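# Architecture and fold: a report
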Amino acid sequence: MDDRQLYETVLGLAEPWYVVGVDIRAGRDEIWVYVDAGSEATHVCPECGEPRPSYDRAEERSWRHLDTCQYQTIIKACVPRVLCPEHGVRRIRVPWAERVSRFTNLFEAFAIRLLRETTVLGVARLLKLSWHEAEGIQRRAVKRGLARREQEPIRVLGIDEKSFQKRHEYVTLAVDLDGERVWWVGDHRRKETLDCFYTDEMAERVHEIEEVVMDMWPAYISSTRTHVPEAERKIVFDKFHVVQHLVEAVDLVRRKEHAELRKQGDDRLAGTKYRWLKGAARRTADDAQQIRALSKAGLKVGRAWAIKEAALKLWTYRSETWARKYFKRWYFWATHSRLEPMIRVAKMMKQHLDGILAYLRNRRTNAITEGLNSVIQEIKYRARGYRNRESFRLAILFHCGGLKMNPLDCEEPLCRTCLPDKRMRL
Ligand SMILES: [Zn+2]
């Protein structure tokens, strides 16, 4: 087997393409592989797929391929152009790369695997690409994945916000909770943000939404009420977000009381912060004993904590009627506690009670979003923050969109990105 046959085999080239020559550029650590289709070959128009007569050969183009050992490998070819009566003079599609890419499909597929593991900058360094080239591969991957995504109904929608850029900027995520994937990322966390999702992205399918799980955020509530039919019945306020409000209220009570006690030289609440915040699952025997002791001593934070703990029972009911009765009693207690933060949360819960108790029907939460949250935290951390909203959006869809992004994985027989054939596979 000579070097030309060797490269024809590893590149997976098939008729009419063949390797004309292989050139080792030792000084540059590069191997150039010249590929040609021969002048006799017939080609198809890239637009309509019909066989058309050759017109000419365009200028030589190159594509970066997977390295051959330590050598960067470049494929070079003069790509023929065809004359289509309908579409004019067009450059044909080559089987090893997508139309706009300067990399072969195999190279892009490899870069995508690396991008899953590390940052754009990391991939750029590993593969000796510029940052823009590496991000271009990520951008094309997401675009490819979005184009392949099927428009199946989203029955249970999760709406959540994510901050970036030192918490001053937000994006809104629309999550397909059944599919466990981020479906859409929008700018800001305003009503218009979500309006845009409902009217553009979901235009035809908004009536298929059966539940929308979200925080008690007025902008999201108002947008959902405007666009989703029978929204009142479909909005579920995420259990974890409501509990978070209760936990924060307990913490406010603790902080205030701690400051007051300290003035009198009483340091009993020092270092107890996390004992009050932990959920039952993570509470140690020591935590429980401390909480009992401080509560018995008549501290306000002990009362606030008891109110928070009692509220959790609300989500354990099977019957909405009984849950409402329970809430009424709890509400009376909470609003007569003379603990301002607890009163505020209790009032907020009363105002949103229908949506909170909607949980009892299907027991849906945004827990999946919280799982995605840790992935997003991780990509934010790895990239050391995102200066640019668009890069952040791209990274979220790349890592959490559940997209089929590999250029070699297309199952569609007449896919426009993969035409004219898919022989270039390994
Ligand atoms: Zn055509």
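Residues numbered from 1 in each chain as written. Predicted model: local features only at pLDDT ≥ 70, side-chain atom pairs only at ≥ 80, totals over all residues. Heavy atoms only, no water.

## Quick notes on the pairing of strand 11 (residues 211–214)
The side-chain alternation of strand 11 yields two buried faces, one formed by Glu211 and Val213 and the other by Val212 and Met214. Pairing analysis gives three bridges linking strand 8 (residues 156–164) to strand 11, with the strands arranged parallel. For glycine 158, the partnering residue across the bridge sits in strand 11 and is valine 213. Across three bridges, strand 11 lies against strand 12 (residues 235–237) in parallel orientation. In the strand pairing of strand 12, valine 213 is matched with valine 236. (Buried < 20%, exposed > 50% of the residue type's maximum accessible area, 1.4 Å probe, protein only. Helix = DSSP H or I, 4+ residues; strand = E, 2+ residues; numbered from the N terminus. Pairing = 2+ DSSP bridges.)

## Side note on the coordination of the zinc ion
Looking at the zinc ion, the protein donor atoms are Cys45 (SG), Cys48 (SG), Cys84 (SG) and His87 (ND1), and they sit 2.1 to 2.3 Å from it. Coordination at the zinc ion is tetrahedral: its four donor atoms span angles of 102 to 118° at the metal. Mapping the donors of the zinc ion onto the primary sequence yields the spacing C-x2-C-x35-C-x2-H. Of the two residues, cysteine 48 sits in the loop between strand 3 (43–44) and strand 4 (51–52) while cysteine 84 sits in strand 6 (residues 71–84), which places them 36 residues apart along the sequence. (Donors = N, O, S within 2.8 Å, 3.2 Å for Na, K, Ca; no water. Tetrahedral: all angles 85-135°; square planar, octahedral: opposite > 155°, others 65-115°.)

## Let's talk about the nonpolar core
Core analysis: the largest hydrophobic core is formed by 97 residues, its most contacted members being Trp330, Met349 and Ile396. For this core, the leading source of residues is helix 8 (residues 239–263), giving eight residues. Looking at which domains feed residues into this core, each of domain 2 (108–238 + 365–409) and domain 3 (239–362) gives three or more. Those residues in contact with isoleucine 396 that sit more than four places away from it in its chain are Val171, Leu173, Val182, Val185, Ile376, Ile379 and Gly401. Counting residues in hydrophobic clusters, the runner-up holds 21 residues, among them Trp17, Tyr71, Ala77 and Val94. (Core = buried A, V, L, I, M, F, W, Y, C linked by side-chain atoms within 4.5 Å. Domains from an automatic or database assignment. Contact = heavy atoms within 4.5 Å.)

## Details of a nonpolar patch on the surface
A contiguous nonpolar surface patch, about 310 Å² in accessible area, is contributed by Met1, Leu6 and Val10. Positionally, leucine 6 belongs in helix 1 (residues 3–11). Exposure remark for leucine 6: the relative accessible area of 41% places this residue in the partly exposed category. (Patch = residues over 30% accessible without salt bridge, like charges linked within 9 Å, V, L, I, M, F, W, Y side chains within 5 Å. Areas by Shrake-Rupley, 256 points an atom, 1.4 Å probe, with all protein chains shown as cover. Salt bridge = Lys/Arg side-chain N within 4 Å of Asp/Glu carboxyl O.)

## Structural notes on the packing of helix 4 (residues 131–148) against helix 17 (residues 389–400)
Relative to each other, helix 4 and helix 17 sit at 55°, their axes nearing to 10 Å. When the axis of helix 4 is compared with that of helix 17, the two are oblique. Judged by the twist between their axes, the crossing of helix 4 over helix 17 is left-handed. Here Trp131, Glu135, Gln138, Arg139, Ala141, Val142 and Leu146 of helix 4 lie close against helix 17, whose contacting residues are Glu390, Ser391, Leu394, Ala395, Leu397, Phe398 and His399. (Axes fitted to C-alpha atoms, helices over the stretch in contact; angles between N-to-C directions. Parallel < 35°, antiparallel > 145°, perpendicular 65-115°, else oblique. Left-handed = near helix turned anticlockwise from the far one by under 90°.)

## Concerning the environment of methionine 348
One can find methionine 348 in helix 13 (residues 340–351). Its relative accessible area of 21% is what places methionine 348 among the partly exposed residues. Sequence-wise, methionine 348 and histidine 245 are 103 residues apart; in three dimensions their C-alpha atoms are separated by 9.5 Å. Setting aside its immediate chain neighbours within four residues, methionine 348 contacts Met216 and His245.

## Looking at the packing of aromatic side chains
All chains considered together, the criterion is met by eight aromatic pairs. Consider the rings of tryptophan 63 and tryptophan 96, whose centres lie 5.3 Å apart with planes at 85°: the pair is edge-to-face. A residue pair is termed long-range when its members are at least 10 positions apart, and tryptophan 63 in strand 5 (residues 54–68) and tryptophan 96 in the loop between strand 7 (88–91) and helix 2 (105–117) qualify at 33 residues. By the burial criterion, tryptophan 63 is buried, and tryptophan 96 matches it. Aromatic ring contacts, followed pair by pair, group Trp17, Trp63 and Trp96 into a single cluster. Across the ring face of tryptophan 183, the terminal group of arginine 149 is positioned such that the distance to the ring centre comes to 3.6 Å. (Phe/Tyr/Trp six-rings, centres within 6.5 Å; stacked < 30°, edge-to-face > 60°. Lys NZ or Arg CZ within 6 Å of the ring centre and 35° of its normal.)

## Quick word on the sheet that holds strand 10 (residues 181–187)
If you walk across this open sheet you meet the five strands as 10-9-8-11-12, and the pairing is mixed. The sheet is open, and its two borders are formed by strand 10 and strand 12, each paired with just one other strand. Here the average twist between neighbouring strands, direction ignored, is 25°. Together, strand 8, strand 9 (169–176), strand 10 and strand 11 form the strand contacts of helix 5 (residues 191–201), whose direction differs from that of strand 10 by roughly 125°.

## Looking at the packing of helix 12 (residues 320–335) against helix 13
Interhelical geometry of helix 12 versus helix 13 gives an angle of 150° and a closest axis separation of 8 Å. Of the possible angle classes, the one that applies to helix 12 and helix 13 is roughly antiparallel. Relative to helix 13, the crossing made by helix 12 is left-handed. Between helix 12, through Phe327, Trp330, Tyr331, Ala334 and Thr335, and helix 13, the contact on the second element is made entirely by Ile343, Ala346, Lys347, Met349 and Lys350. The class makeup of the residues in the contact of helix 12 with helix 13 is seven nonpolar, one polar and two charged. (Nonpolar A, V, L, I, M, F, W, Y, C, P; charged D, E, K, R; others polar.)

Geometric descriptors of this kind do not, in isolation, establish any biological role.
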